[in-house]
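Structural features, examined
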Amino acid sequence: MVTLDPAEFAITVGFMFFMCWTPGPNTMLCAAHGNRHGWYGTMPLEAGMAVGFFSIAILVGGGVEFVRDNDVLLDAVKYIGAAYMLYLAVHIARAPPIGQSEDHEAVAEKPLGPLAGFLLQFVNPKSWVYFLLLMTEYASRLGEGFPIVVILAATTTVIGVGSVLFWSGAGAVLRRVFAEPKSSARVNLGLGLILAFVAIDIAFHEQLYSLF
């Protein structure tokens, strides 16, 4: 039977929620797709994403022992991941409204299907950084063994699916909110600051944890 430390698991779930629910390729695609094709029309795309979430989590988690046996690689994952999180924080904080950004490509005329959602996870650098950090830095705080990997994979899949369902359903509303320059600036700055704190926690968790 696996016993999880409640405090560490809560921190890990918080990391999952923030990484899965904040703007990124998956959430922005679902927001735009939901706005164009509707909530139900986006579900096949989201089903593929769910399979991709779980698959890549298991894939990364299954190979994590190799990373753990190499301290240099583990430190590289931690600090490169933290640096990438800081990069994302700056990018989000300075992001323009949805309709004005070149990063948000037009959604295809026909609804995207499960295969597109699945493959997106394997070409999304944010996904790789996220799962590497989850299965190395955060999993190590909860314990050892493959059951921890399965628990984290299942938990992040549930959270990820909830995120894309929400963003596809709220796509039209979110577009109007983020299209307002003042609202966009406040929302993006807030998200950027939170993500910056996540990056600091990744790099200096032991020091921060000792303060509390």
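Residues numbered from 1 in each chain as written. Predicted model: local features only at pLDDT ≥ 70, side-chain atom pairs only at ≥ 80, totals over all residues. Heavy atoms only, no water.

With that settled, consider the overall build of the protein. On a plain count of helices and strands, the protein comes out with eleven helices and zero strands. Each helix and strand of the protein, placed in order from N terminus to C terminus, yields the pattern α-α-α-α-α-α-α-α-α-α-α. Contacts in the protein between residues far apart in sequence, at least 24 positions, make up 85% of those at least 6 positions apart. Carbon together with sulfur atoms contributes 70% to the accessible area of the protein, which is approximately 10,900 Å² in total. (Helix = DSSP H or I, 4+ residues; strand = E, 2+ residues; numbered from the N terminus. Contact = heavy atoms within 4.5 Å. Areas by Shrake-Rupley, 256 points an atom, 1.4 Å probe, with all protein chains shown as cover.)

Spanning 20 residues, helix H3 (residues 43-62) covers 28 Å between terminal C-alpha atoms, matching the ideal 28 Å at 1.5 Å per step. All buried positions along H3 are accounted for by Leu-45, Glu-46, Gly-48, Met-49, Ala-50, Gly-52, Phe-53, Ile-56, Ala-57, Val-60 and Gly-61. (Expected span 1.5 Å × (residues − 1). Buried < 20%, exposed > 50% of the residue type's maximum accessible area, 1.4 Å probe, protein only.)

Of note, Phe-131 is situated in helix H7 (residues 125-142). Residue class for Phe-131 comes out buried when judged on its relative accessible area of 2%. Residues Phe-131 and Ile-58 lie 73 residues apart in sequence; the distance between their C-alpha atoms is 9.2 Å.

On to the confidence of the model for the protein. Residue-level pLDDT values for the protein average 77, and 75% of them are 70 or greater. The least confident element of the protein, judged by mean pLDDT, is helix H9 (residues 171-179) at 59; the most confident is H3 at 92. Long-range and interchain partners of residues 101-108, a stretch whose pLDDT sits below 50, account for ten contacts in this model, where long-range means more than four residues apart. (pLDDT = per-residue confidence, 0-100.)

Mapped onto the elements, Val-64 comes out in helix H4 (residues 64-68). In this structure Val-64 comes out as buried when scored by relative accessible area, which is 3%. Sequence-distant contacts of Val-64, defined by excluding residues within four places in its chain, comprise Met-135 and Thr-136.

Next up on the list: the packing of helix H2 (residues 25-37) against helix H8 (residues 146-169). One can describe the packing of H2 onto H8 by two numbers: an axis separation of 7 Å at closest approach and a directional angle of 40°. With respect to their mutual orientation, H2 and H8 come out oblique. The hand of the H2/H8 crossing is right-handed. From H2, Asn-26, Thr-27, Met-28, Cys-30, Ala-31, Gly-34 and Asn-35 reach across to H8, where they touch Ser-163, Val-164, Trp-167 and Ser-168. (Axes fitted to C-alpha atoms, helices over the stretch in contact; angles between N-to-C directions. Parallel < 35°, antiparallel > 145°, perpendicular 65-115°, else oblique. Left-handed = near helix turned anticlockwise from the far one by under 90°.)

So, about the packing of H3 against H8. Think of two packed helices as two axes; the pair is described by the angle between the axes and how far apart they sit. Orientation of H3 relative to H8, taken along the N-to-C sense of each, is 155°, at an axis distance of 9 Å. Here H3 lies roughly antiparallel to H8, going by the angle between them. Considering how the two elements wind past one another, H3 and H8 form a crossing that is right-handed. The residues of H8 that touch H3, namely those facing Met-43, Glu-46, Met-49, Ala-50, Phe-53, Phe-54, Ala-57, Ile-58, Gly-61 and Gly-62, are Phe-146, Val-149, Val-150, Ala-153, Ala-154, Thr-157, Gly-160, Val-161, Val-164, Leu-165 and Ser-168.

Next up on the list: the nonpolar core. By size, the foremost hydrophobic cluster in this structure holds 25 residues, and its most contacted members are Phe-15, Met-16, Tyr-130, Phe-131, Leu-134, Met-135 and Leu-152. Mapped onto this core, the elements with two or more residues apiece are helix H1 (6-21), H3, H7 and H8. (Core = buried A, V, L, I, M, F, W, Y, C linked by side-chain atoms within 4.5 Å.)

So, about a nonpolar patch on the surface. On the surface, Trp-39, Tyr-40 and Met-43 cluster together into a nonpolar patch covering about 340 Å² of accessible area. Inspection of the secondary structure puts Trp-39 in the loop between H2 and H3. (Patch = residues over 30% accessible without salt bridge, like charges linked within 9 Å, V, L, I, M, F, W, Y side chains within 5 Å. Salt bridge = Lys/Arg side-chain N within 4 Å of Asp/Glu carboxyl O.)

What follows is about the side chain of Gln-121. On the secondary structure map, Gln-121 appears in helix H6 (residues 114-122). A residue is classified by how much of its surface remains accessible, and Gln-121, at 0% relative accessible area, is buried. At a separation of 3.0 Å, a polar atom in the side chain of Gln-121 contacts the side chain of Asn-26. With residues up to four places along the chain from it excluded, the contact list for Gln-121 reads Asn-26, Met-49, Gly-52, Phe-53, Ile-56, Ser-127 and Trp-128. (Polar contact = N/O pair within 3.5 Å; in protein donor to acceptor, adjacent residues only side chain to side chain.)

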